[in-house]
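Take a look at the letters that make up each chain.
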Amino acid sequence: MATLSVLIIGASRGIGLEMARHYRAMGAKVVGTVRSAPAAQVLRELGAKPLTLDVSQAASVSGLAWQIDGEAFDHVWINAGVFGPRLPTLTPPTQHDFDQVMHVNVLGPMRVLPQLQEALAPGARVGLVSSRMGSMALRTNPQHSLYRASKAALNSLMADTALAWQGRAVVASFHPGWVRTDMGGPEADIEVHESVQGLVAQLSSLTLQDSGSFIDHQGERLAF
């Protein structure tokens, strides 16, 4: 069996770092993007290849395609993201906070995805780490509007990418659960290794018919 080749955009910590650890334990070849030298060293110690990338900076993203030239990734994860300020309901964010969240969570993937097209293996599977909080159909409270808006936009981008890459790659959004990471906090429901184990299993099981879906880490199909 050929060695699985994996790219993780946003592998410095939390879910992305655990993905790198999980795939390496499977024997996969892993490339992960980071923003700092210490994070790059952690990936090297796992046996993964680090690439320096800041998805919020156009100049940084513009160099991604040549860094992965010649690769053929079977699995790709778009994981880089920020939560932003935890404001009272319907409190407008500052311009700075809005720009930061939308640049990282939405504009970043919009810039990254076109850079990946020539580095996808036939039948590649591409997962965007989204959130159930981005679903309008499943929404039950109005908290954290900025983060919710960014993930709703990410899901829209996923749907467009699934159509654009139809027949070339399977593309889906994933809700990782409420995970105990720096972003999720200590009160979250599940440990990061549990989330990642589920996410990887779900991405691996996707078929062409699943492209354009919104799925949680346990395989439940979610409404947009």
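Read on for an overview of the structure. (Residues numbered from 1 in each chain as written. Predicted model: local features only at pLDDT ≥ 70, side-chain atom pairs only at ≥ 80, totals over all residues. Heavy atoms only, no water.)

### Some points on the side chain of H75
With respect to the element layout, H75 can be found in strand β4 (residues 73-78). What H75 contacts, discounting residues up to four positions off in sequence, is L4, S5, V6, L7, Y23, R125, L203 and S204. (Helix = DSSP H or I, 4+ residues; strand = E, 2+ residues; numbered from the N terminus. Contact = heavy atoms within 4.5 Å.)

### Section: the packing of aromatic side chains
Aromatic rings considered in pairs are described by the distance between their centres and by the relative angle of their planes. Taken as a whole and assessed by the stated rule, the structure comprises 3 aromatic pairs. When the ring of F214 is compared with that of F224, the centres are 5.5 Å apart and the planes differ by 25 degrees; the resulting orientation is stacked. Placement of F214 in strand β7 (residues 214-216) and of F224 in the segment after β7 is noted, with a sequence separation of 10 residues between them. The exposure class of F214 is buried, given its relative accessible area of 1%. Positioned over the ring face of F83 is R86, at 4.0 Å from the centre of the ring. (Phe/Tyr/Trp six-rings, centres within 6.5 Å; stacked < 30°, edge-to-face > 60°. Buried < 20%, exposed > 50% of the residue type's maximum accessible area, 1.4 Å probe, protein only. Lys NZ or Arg CZ within 6 Å of the ring centre and 35° of its normal.)

### Observations regarding the packing of helix α1 (residues 14-25) against helix α7 (residues 192-205)
In a packed pair of helices, the relevant descriptors are the angle between the two axes and the axis-to-axis distance. Between α1 and α7, whose axes approach to 9 Å, the crossing angle comes to 65 degrees. Between α1 and α7, the angle is such that the two are roughly perpendicular. Crossing geometry of α1 relative to α7 is assigned as right-handed. The residues of α7 that touch α1, namely those facing G14, I15, E18, M19, H22 and Y23, are V192, H193, S195, V196, Q197, L199, V200 and L203. (Axes fitted to C-alpha atoms, helices over the stretch in contact; angles between N-to-C directions. Parallel < 35°, antiparallel > 145°, perpendicular 65-115°, else oblique. Left-handed = near helix turned anticlockwise from the far one by under 90°.)

### Remarks on the pairing of β4
For β4, a buried count of 5 out of 6 residues is recorded, marking the element as mostly surrounded by other parts of the structure. Pairing analysis gives 5 bridges linking β4 to strand β5 (residues 120-129), with the strands arranged parallel. Across the sheet, I78 pairs through a bridge with L128, a residue of β5. Taken together, β4, helix α5 (residues 95-116) and β5 constitute a β-α-β crossover, and its handedness is right-handed. (Pairing = 2+ DSSP bridges. Right-handed = clockwise from strand over helix to strand, strands pointing away.)

### As for unusual backbone geometry
Positive phi, close to 60 degrees, is recorded for L90, a residue that is not glycine. Secondary-structure assignment places L90 in the loop between β4 and α5.

### What to know about the packing of α5 against helix α6 (residues 145-164)
Closest axis-to-axis distance for the α5/α6 pair is 10 Å, and the angle between their directions is 10 degrees. Classified by the interaxial angle, the pair formed by α5 and α6 is roughly parallel. Across the interface between the two elements, D97, F98, V101, M102, N105, V106, P109, M110 and L113 from α5 touch L146, Y147, A149, S150, K151, A153, L154, L157 and T161 from α6. Class assignment for the residues of the contact of α5 with α6 results in 13 nonpolar, 3 polar and 2 charged. (Nonpolar A, V, L, I, M, F, W, Y, C, P; charged D, E, K, R; others polar.)

### Let's talk about the pattern of salt bridges
Applying the stated criterion across every chain, the model contains 4 salt bridges. For R21, the salt bridge identified is with E18, shortest N-O distance 2.8 Å. Within this pair, R21 and its partner E18 are both found in helix α1, separated by 3 residues, close to a single helical turn. Owing to a relative accessible area of 13%, E18 belongs among the buried residues under this scheme. (Salt bridge = Lys/Arg side-chain N within 4 Å of Asp/Glu carboxyl O.)

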